[in-house]
Amino acid sequence: MITLQTIENELLSHHPDADLNLVKRAYVFAARMHRGQLRKSGDPYIMHPLEVANIVAKHNLDAPSVCAGLLHDTVEDTEATIETVRYQFGAEIASLVESLTKLNKINFQNRQEAQAANFRKMLIAMSKDLRVILIKLSDRLHNMRTLGNMPAEKKSRISRETMEIYSPLASRLGLYGIKVELEDLCFKYIYSDEYKQVADMIAQTRAQREEYIEKVISELESHFKKFNIEAEVSGRPKHLWSIRQKLKRTGGGLETLYDVLAFRVLVPRSALCYEVLGHIHSLWRPIPGRFKDYIALPKQNGYQSLHTAVFGPDNERIEVQIRTADMHRSAELGVAAHWVYKEQGSSQKRRRQPMSPDETFVWLRQLLEWQRDLKDPNDFLQAVRVDLFEEEVYVFTPAGEVKPLPRGATPVDLAYSIHTDLGHECTGAKVNGRIIPLRYEVQNGDVVEIIRTRGSHPKHDWLKFVKTGRAETKIRAHHRSEANEQSYIAGQEVLEKVLRSHKYSLSRLNKEGRLKELVEHFRMSSEKDLLISIGYGKLSPDKVIEFLFPSEVAEVQSFDEVPTQEFNQAPIANHSQNAILVDGEDGLAIHYPKCCSPISGDEVVGFVTLGRGVTIHRSDCPHCYDYDPLRKVPVAWNQSRSQNRPVELRILSDDTQGLLASISQTFRKSGINISAVNCQTSDENSAINDFTIMVKDISQLKDVITQLKQISGISEVIRITN
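All figures in this text were calculated on a predicted structure; none of them were measured in a lab.

## Side note on the sheet that holds strand 17 (residues 613-618)
Alright, step 1. An order of 15-17-16-18 is seen for the four strands of this open sheet, with the pairing classed as mixed. Strand pairing shows two members of the sheet lacking a second neighbour, strand 15 (590-591) and strand 18 (632-633), which therefore form its edges.

This is the structure in C-alpha cells:
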C-alpha cells in the first residue's frame, strides 16, 4: 500500500531539496477534503490521490507536481475551491490543479464535435505546462489499474478512449512505461477473450522462456567480457498488446513466441553502441530489414536507441535494443527527463521552469496549429490520430537535412513541412534523382527534391493523398481563400443587381451606413463576410431586401428573376416545395448528389456550392470530406413536405424462375415505383439484381427491405452508395 513516506522517499531520490513540508500539507488537505468518500472498490478515496502522486514522483516530477497529484480531485469532488487551493498552496500548484480539473471533465464520447472540443482543451493545457498532461496520464493509469470494479460498458468505453488518446500521447511524450501498461490494461478490457488467450500462451511457456532469456544473457555477457566491453544486459518478453499485434500480423501461435523476446544492452558511451551492434551481428545472423538507427535519427519525442533483430541461440528470432544509460533514462522518463534549470539570485538555488514544448516536441506545436486552423471536428480528429499513431519515415533534402514524416507521406507533405509557399508552388518532385508522381509515398532514406514553379497553386485533388495535417490545413486554407474572393465579387454584383431594382446602389448603402446595419442584423463579423455569404448563397438577397425595404416587400422583384446565372450558373430561387430546410428556412435551391442519394429520415449535412445552391449528403458519405467545412450549413428534413427520392438497392438472390415477379410485386404492394432495373446471373445459379426505386422516406425503405428479405431465394438486400 502506498503511503506518504513512500512518495516522499521517491521524490527525494530525484529532488534532494524538495519541499516535503509542502507535500505533507497537500496530503493533509486532500485527506480532510476526501474524508468519508469511497471508491467503487470500497477503498478510502484518498488512496487514489496517493497512488497518482506516487506515479508522478516516480516520473521525476517536482514537489508542486506531486502536490497537484494529491489535490487533483479536491476541487471537482469536494467542497474545496480553486481559490482555497491558491491561498493554501500558491499560484503554481493552483494553476496545475485548475488545469487538471478542466481535463477531468473531458469525456470522449462518440460525438465528434464533443471529442474534438475536449481534445483541443487538452492541447491548450499541454502547451502551457506539460506537467498537466503528465499528471493526467498518471491519474488515468491508476484509474485503469482499478477499472475492474466498473460496469462492463464503462470499462469498455474508458478503455477505448484510453487506447485512442492517452496511450499514444504517452508514447509521443516518451513515457513508454505508461504507454505499455495502458495498452495492456486496455487490451484486457476491450478484447478480454484474446487477452486471456495471449496471457495463457505466455504462462504456458514461462519456464521455457525464462531459461532461454538466461541463455541469451549469458552468451552476450561472456562475449562482451572477452572483448573487455562494459555492458549491462537484460531480457524480457514484449508486453501482451505488442504480442497480440504481432500474432495478428503473422498469424502465428505458440511457436512464434520467441519472436517477441526483447533484450536490452546498456553501455557507457554512444560510440560503444555501434561497436556492440557489430559484435551482436558477428555473433548471430541479423534479420534483413530489421535494423533501425534511432541514435543518428532520433524519434520526434527524443527517443534514441539502436534496434536490431537477429537469429539468436537455437536459431530463434530475438530483438535487441542498444543504448547508453542516459538514453535509457530518457526512454523511461520521456519528457520528464528533460527539465530546464534556471539559476536564481546569489543563493544559487535552482528553480524548475514550467515544462513547455521546446524543439523536441515539434509535433505538439503542429497539433496546436491544427486545432486553430481545422474548424471541422472530423478533419481535426483525423489529423490528430494520424500524427499520434502513424510510424515515422525519415527522408533527406538535397542539402542533407533529415525530415521526419508520418508513414504514407508524399513529396507534397514534405514541401509543406518546409514552407507553406513551397507547398503551394510544388509542381513536381524527384526521389533519388528520378522524377516521380506527387502521390508517391516516400520511404526511409529517400532523397527528395521538390520542383517549384513560381506562381502555381495547390490542386484540390491533393487532399486525396496528402498525409499530414499541416499539408491538408494549408491546401484547404488556400482554396477557401480563393473561393471567398470569388464569392465576395459575386456577392457584390448580386446585391448590386437586386438593389438596382429598388433604385438603390451598393455604394449608397455603404455611404449611408446601412451596410453596417446589415452586418449587425445578420450577425456577420464584417461587411466582407456579409457579401461572401450572399455570393456563396448562404444568405439570400431576398432577406436583405426584406430588412432594407420592409414596406416594399410585396412589390419586390423575386430573386429568381434576377439574372445571377453568370455568377452561380443556377438560380437560387423560391423552392417552396423543398423537402429540406436550410438553417430552418425554406426556399433555397437544393441539390442531391448521386453518390449517396439521401432520402427523408437519413441523417444529412448540407454544403453551399456555387452553381447548385445547397448540396445535401448523408452524414456518413465519404464525399463530405471533399468540401470546405466553412461551407457547411445546418439542414433538416421538412416534415411538412413529402418528396419521393431515388434509392438504389442491390438484391443478391438465387437464379430461380418467378423471383423477379415476387420482387416487383413486393415493391408494388409497398406503393413504390421502379425506375430502373439491371439483373445479372452467374454460372453458380445466383443473381445480382440492381433496382432504382422511388421512396418517400427511410421508414418506407426499411419496411420494403424487411419484406424483400422474407422472400425465399433472396440472401441479401443492400442499399448502394457510390
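## Concerning the sheet that holds strand 20 (residues 645-654)
Alright, step 1. Ordered in space as 21-22-20-23, the four strands form an open sheet in which the pairing is antiparallel. Looking at the sheet topology across the chains shown, the edges are occupied by strand 21 (673-681) and strand 23 (714-719). Averaged over all pairs of adjacent strands, the angle between their axes in this sheet comes to 20°, without regard to strand direction.
Alright, step 2. Where helix 28 (residues 698-709) meets the sheet, it contacts strand 20, strand 22 (686-695) and strand 23, and its direction lies at approximately 165° from that of strand 23.

## Digging into the packing of aromatic side chains
Alright, step 1. According to the stated counting rule, one finds nine aromatic pairs in the structure shown.
Alright, step 2. Relative to Y195, the ring of F187 has its centre 5.4 Å away and its plane inclined at 80°; by these criteria the two rings are edge-to-face.
Alright, step 3. For F187, a relative accessible area of 0% puts it in the buried group.
Alright, step 4. With a centroid separation of 6.5 Å and 5° between ring planes, the pair formed by Y592 and W637 is classed as stacked. Residue Y592 is found in the loop between strand 15 and strand 16 (604-609), and its partner W637 is found in strand 19 (residues 635-637); the two are separated by 45 residues along the sequence.

## Regarding the packing of helix 3 (residues 47-58) against helix 4 (residues 63-71)
Alright, step 1. It is at 7 Å that the axes of helix 3 and helix 4 come closest, and there the two elements cross at 160°. One element, helix 3, and the other, helix 4, form an angle in the roughly antiparallel class. For the crossing formed where helix 3 meets helix 4, the hand is right-handed. Across from P49, L50, V52, A53, V56 and A57 in helix 3, the residues of helix 4 making contact are S65, V66, G69 and L70.
Alright, step 2. For the contact of helix 3 with helix 4, the class distribution of residues is eight nonpolar, two polar and no charged.

## Considering the confidence of the model for the chain
Alright, step 1. Counting all residues, the mean pLDDT for the chain is 80, and 80% of those residues have values of 70 or more.
Alright, step 2. For the chain, strand 7 (residues 341-344) is the element with the lowest average pLDDT, namely 33, and helix 2 (residues 20-33) is the one with the highest, namely 94.
Alright, step 3. Long-range and interchain partners of residues 554-576, a stretch whose pLDDT sits below 50, account for 45 contacts in this model, where long-range means more than four residues apart.

## A look at the side chain of S159
Alright, step 1. Looking at where S159 falls in the secondary structure, it is placed in helix 10 (residues 152-172).
Alright, step 2. A polar contact of 2.7 Å, which involves the side chain of S159, links it to the backbone oxygen of K155.

What counts, and where the lines are drawn
Residues numbered from 1 in each chain as written. Predicted model: local features only at pLDDT ≥ 70, side-chain atom pairs only at ≥ 80, totals over all residues. Heavy atoms only, no water. Pairing = 2+ DSSP bridges. Helix = DSSP H or I, 4+ residues; strand = E, 2+ residues; numbered from the N terminus. Axes fitted to C-alpha atoms, helices over the stretch in contact; angles between N-to-C directions. Contact = heavy atoms within 4.5 Å. Phe/Tyr/Trp six-rings, centres within 6.5 Å; stacked < 30°, edge-to-face > 60°. Buried < 20%, exposed > 50% of the residue type's maximum accessible area, 1.4 Å probe, protein only. Parallel < 35°, antiparallel > 145°, perpendicular 65-115°, else oblique. Left-handed = near helix turned anticlockwise from the far one by under 90°. Nonpolar A, V, L, I, M, F, W, Y, C, P; charged D, E, K, R; others polar. pLDDT = per-residue confidence, 0-100. Polar contact = N/O pair within 3.5 Å; in protein donor to acceptor, adjacent residues only side chain to side chain.

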